[in-house]
Every structure is written in structure tokens, then in C-alpha cells.
Amino acid sequence: MTRVATASDLDPPDEPGKRFIDAARARRVQAQLVDESTATEMAETFKVLSDPTRVRLISALAAGELCVADLARAIGISQSAASHQLRVLRHLDLVNYRRAGKLVYYSLDRHTRALFQQGLAHVADQ
């Protein structure tokens with residue numbers, strides 16, 4: 001259960017008893033907060049993207065559409081491991097796929113591509 005901050009939580013440690021509360025601002029911010037469901041979905045997306053193998057798969061797919069065998073070879077994992085990780089990414093609609101006979105080709109969803117590029121930019125700025 002989420003705990004709501006009280007006025008005493010906002011007391012600055014060096015000025016006990018002095019409160020800085022702007023109720024109107026707090027209400028405006030509260031009105032803009034994402035709902036619980038959206039927050040949960042976003043957290044799940046970031047959790048899935050926190051795995052280095054999945055990040056490497058996304059990095060490979062940033063170069064273009066690839067089949068599972070080529071993805072596995074490109075990042076140095078087994079086809080079975082690649083398929084498993086791609087299934088996780090597919091479950092959250094982070095990658096697109098298409099079948100061509102017995103082969104399955106994967107590509108990045110446009111939102112995943114943008115998120116990946118933003119993540120790279122953030123890491124490069126560190």
C-alpha cells in the first residue's frame with residue numbers, strides 16, 4: 001500500500017516545526033501523476049530492459065531486422081537463450097516479429113528504439 005506524505009514528512013531537518021507546503025501545487029502535481037496501472041506497466045518495462053542480454057538483443061535489432069539464429073550468433077548466446085529472451089521482449093510488445101516459413105524475424109518497436117536511443121544518450125552523458 002502506498003503511503004501518502006504528511007506535512008511532518010515535509011519538515012526540513014534543519015528547521016523543525018517549519019513546514020513548506022503548497023497545497024495547490026501538490027494538487028496540480030497529483031492530478032498529473034500516472035495511475036497505478038500505468039506505473040506498474042512502466043516498472044515492468046524497465047525491469048525487463050534491466051537485463052544486459054536483452055539490452056544487447058535490442059542493440060543488435062537497432063541495426064535492423066534479424067532472425068533468431070543471426071541474433072544469437074551476433075551477441076554470442078544460444079538460439080534457445082535468444083528465443084527465451086525474445087519471448088520476454090515480445091510479451092511486453094517491445095519487439096515486433098514476423099514469420100517467413102520456419103524462420104522468425106524480429107525488429108524493434110518504434111517506441112523501444114526511441115527508449116534505447118535515449119538510454120544510450122543518457123549513458124554517454126555520464
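The structure under discussion appears in the preceding block.
Just so it is clear, the model here is predicted, and its values are computed rather than measured.

Draft legend 1. Seen up close, the nonpolar core. By size, the foremost hydrophobic cluster in this structure holds 19 residues, and its most contacted members are Leu61, Leu71, Leu86, Leu89 and Tyr106. Contributing elements (two or more residues each) for this core: α3 (52-61), α4 (68-75), α5 (79-91) and β3 (103-108).

Draft legend 2. Summary view of the pattern of salt bridges. Per the stated rule, a full pass over the model turns up 2 salt bridges. Notably, a salt bridge pairs glutamate 44 with lysine 47, separated by 3.3 Å at the nearest N-O pair. Of the two residues, glutamate 44 and lysine 47 are both situated in helix α2 (residues 36-48); the distance of 3 residues between them amounts to about one turn of the helix. Residue glutamate 44 is classed as partly exposed on the basis of its relative accessible area of 33%. A salt bridge links glutamate 65 to arginine 98; the nearest nitrogen and oxygen atoms lie 2.9 Å apart. With glutamate 65 in the loop between α3 and β1 (66-67) and arginine 98 in strand β2 (residues 95-100), this pair connects stretches of sequence that are 33 residues apart. For glutamate 65, a relative accessible area of 37% translates into the label partly exposed.

Draft legend 3. View of a nonpolar patch on the surface. On the surface, a cluster of nonpolar side chains totalling about 350 Å² of accessible area is made up of Val34, Met42, Phe46 and Leu115. When you line up the elements, methionine 42 lands in helix α2. Its relative accessible area of 42% is what places methionine 42 among the partly exposed residues.

Draft legend 4. Seen up close, unusual backbone geometry. The backbone phi angle of aspartate 93 is positive, close to 60 degrees, even though this residue is not glycine. Along the polypeptide, aspartate 93 turns up in the loop between α5 and β2. We classify aspartate 93 as exposed; its relative accessible area is 59%.

Draft legend 5. Representation of the side chain of threonine 45 within the structure. When you line up the elements, threonine 45 lands in helix α2. You can call threonine 45 buried: its relative accessible area is 19%. Discounting chain neighbours no more than four positions away, the residues touching threonine 45 are Leu92, Leu94 and Leu115.

Draft legend 6. Inspection of the environment of glutamine 79 at higher detail. Positionally, glutamine 79 belongs in helix α5. Using a relative accessible area of 47% as the deciding quantity, one classes glutamine 79 as partly exposed. In this structure glutamine 79 touches Val68, Ala69 and Ala72, once residues within four positions along its chain are discounted.

About the thresholds
- Residue positions are counted from 1 within each chain, in the order its sequence is given.
- This being a predicted model, a pLDDT of at least 70 is required before a residue's local features are given, and a value of 80 or more before pairs of side-chain atoms are given or counted; all residues contribute to the totals for chains, interfaces and linings.
- Side-chain numbers come from the whole structure's heavy atoms, not from hydrogens or water.
- We define the nonpolar core as a collection of buried residues of types Ala, Val, Leu, Ile, Met, Phe, Trp, Tyr and Cys that are connected through side-chain atoms lying within 4.5 Å of one another.
- Buried, partly exposed and exposed residues are distinguished by accessible area as a fraction of the type maximum, computed with a 1.4 Å probe on protein chains only: under 20%, between the cut-offs, and over 50%, respectively.
- Strands are runs of DSSP state E lasting at least 2 residues, helices are runs of H or I lasting at least 4, and numbering of each runs from the N terminus.
- By convention in these notes, a salt bridge is any Lys or Arg side-chain nitrogen within 4 Å of a carboxyl oxygen on Asp or Glu.
- What makes a patch is a set of residues exposed beyond 30% relative accessible area and free of salt bridges, joined within 9 Å when like-charged and within 5 Å when nonpolar (Val, Leu, Ile, Met, Phe, Trp, Tyr).
- Reported accessibility uses the Shrake-Rupley method at a 1.4 Å probe radius. Residues are deemed covered only where the shown protein chains occlude them.
- Residue contacts follow a heavy-atom distance rule, with two residues in contact if any of their heavy atoms lie within 4.5 Å.

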